[in-house]
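These are the residues of each chain, in order.
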Amino acid sequence: MERGAAAALGCALRSPSPSPSPAPQWRPLLRCPRRDPPVPPRTLLPPARLFRHLDMKKGQSRNSFKTFSSSGHSGVRQNYDNLVNDKLLIDCGEDQDCVLGGIVALGKFDALHIGHRELAMHASKAGTPFLLSFVGMAEVLGWTYRPPIVAQCDRKRVLSSWAPYCRNVVPLEYQVEFSKVRSLSPRQFVERLSKDLRIKGVVAGENYRFGYKASGDAAELVKLCEEFGLSAFIVRSVMDTAKRSHNGVAATINSSDKGQVSSSRVRHALAIGDMEYVSELLGRKHRLVLMVNQKCLHERKRIVLPNSCMLNMPPAEGLYENCDLVNGGYIGPCRVIINSDTIIIEIKDENSLSPNPIEEVRQLGIEFG
């Protein structure tokens, strides 16, 4: 098993006794039993009917819906555009069936590190694995912009490398606009996962928080999933066994840091330029993706680009040996110099470069050894 590999935790079954139940005891990978949702009570009135309201003057649909009961009283009318905008997944169709019947791993998944890979691995054991990530948090919460750890255009490549850990299935990632779920209570959030996305179950880390102002925790997630007929798998955090320190002092990442692998820990390692440590946390070499434009200079064995070409977070300023240059395929070994304005790539084998590599590609990647 991978170092620091997580053991999945299952939910504790509650006693039917009316006396207070003891604190939940986590057990390895015990799936919550799937329950059918309760049957709604019968009503004497027939179900409401849906009518499309037409603007007879213009002879066109007004793109709004109105519900009517058999008693003739009108219900709430919603604009069609609002119905479309209310969809949870921003990169899925109107039917929102991209994750139908799958097991969804919940999180931000900024770094796609070994802890995130562990969640996908456990999701693959129970069904088709999906990652449900939240985007737009910085804008909504007023955080200072930070470049992503993994370039958006490079995420599919990273997820493809996880297939050997996920029963040879590549996890697919879908995104949820954070502003659409921020105000939801924990119950409302799980209800939407169940009814709107129609998933089979969820996987989350033991420190996962959700709902408005992060009011829900892993234990409540298990309880609500059981209520809505979903399976729930809670996975122990993958711990950072390297325990790196600099100048004899171990860095404090943030108030929630308990030594687990996290995106914040990856950012810290990049900020101090410890690329060996970064590789341990990610389970792969860090790839910096560069957008090639007219400002790029190519001089025989040297390629010079402005820092504005970077699509994700670079390591600290300095000299980096034992790097590799890629452009979809492998180009060759290189050394990299990062300063405040530019990034300089020095190719070690001049024969590995084509006559004009800058004009042939739109992107270059640097993998740091």
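Each chain carries its own residue numbering, running from 1 in the direction its sequence is written. Per-residue local features are limited, in this predicted model, to residues with pLDDT of at least 70; the limit for side-chain atom pairs, both in listing and counting, is 80 or more; totals at the level of whole chains, interfaces and linings are taken over all residues. Heavy atoms throughout the structure, all of them, feed into the side-chain values; hydrogens and water do not.

Looking up the protein in an unreviewed UniProt entry gives the name FAD synthase, with the organism given as Urochloa decumbens.

### Describing the environment of Gly-127
Secondary structure elements are taken from DSSP: a helix is a run of H or I of four residues or more, a strand is a run of E of two residues or more, and numbering for both begins at the N terminus. Counting through the fold element by element, Gly-127 comes out in the loop between helix H2 (114–126) and strand E7 (129–135). Between the C-alpha atom of Gly-127 and that of Gly-201, which follows or precedes it by 74 residues, the distance is 8.7 Å.

### Comments concerning the pattern of salt bridges
The term salt bridge refers to a side-chain nitrogen of Lys or Arg lying within 4 Å of a carboxyl oxygen of Asp or Glu. What the rule picks out here adds up to 15 salt bridges. One salt bridge in this structure joins Asp-240 and Arg-265, with 2.9 Å as the shortest N-O distance. In this pair, Asp-240 sits in the loop between strand E10 (231–235) and helix H8 (263–271) while Arg-265 sits in helix H8, placing the two residues 25 residues apart along the sequence. A single burial state applies to Asp-240 and to Arg-265, both of which are buried. Among the ionic pairs, Glu-321 bridges to Lys-348, the shortest N-O distance being 3.9 Å. Placement of Glu-321 in strand E14 (residues 318–326) and of Lys-348 in the loop between strand E16 (342–347) and helix H10 (357–360) is noted, with a sequence separation of 27 residues between them. Relative accessibility under 20% of the residue-type maximum defines a buried residue, over 50% an exposed one, and the middle range a partly exposed one, all with a 1.4 Å probe and only protein chains included.

### Digging into the pairing of strand E15 (residues 330–338)
A strand pair is defined by DSSP finding two or more bridges across the two strands. Direction of pairing for E14 relative to E15: antiparallel, over a ladder of 7 bridges. Residue pairing across strands places Tyr-320 opposite Val-336, the latter belonging to E15. Here E14 folds back onto E15 in antiparallel fashion, the turn holding 3 residues, of which Gly-328 has a positive phi close to 100°. As paired elements, E15 and E16 share 5 bridges and run antiparallel to each other. The residue of E16 that forms the bridge with Val-336 is Ile-345. Linking E15 to E16, which pair antiparallel, is a turn of 3 residues.

### Here's the deal with unusual backbone geometry
Excluding glycine, residues mostly carry a negative phi; peptide bonds, for their part, are mostly trans. Positive phi is not limited to glycine here, since Phe-109 has a value of about 55°. By the secondary structure assignment, Phe-109 is in the loop between strand E6 (103–107) and H2. Residue Phe-109 is classed as buried on the basis of its relative accessible area of 1%. Despite not being glycine, Asn-322 shows a phi value in the positive range, around 55°.

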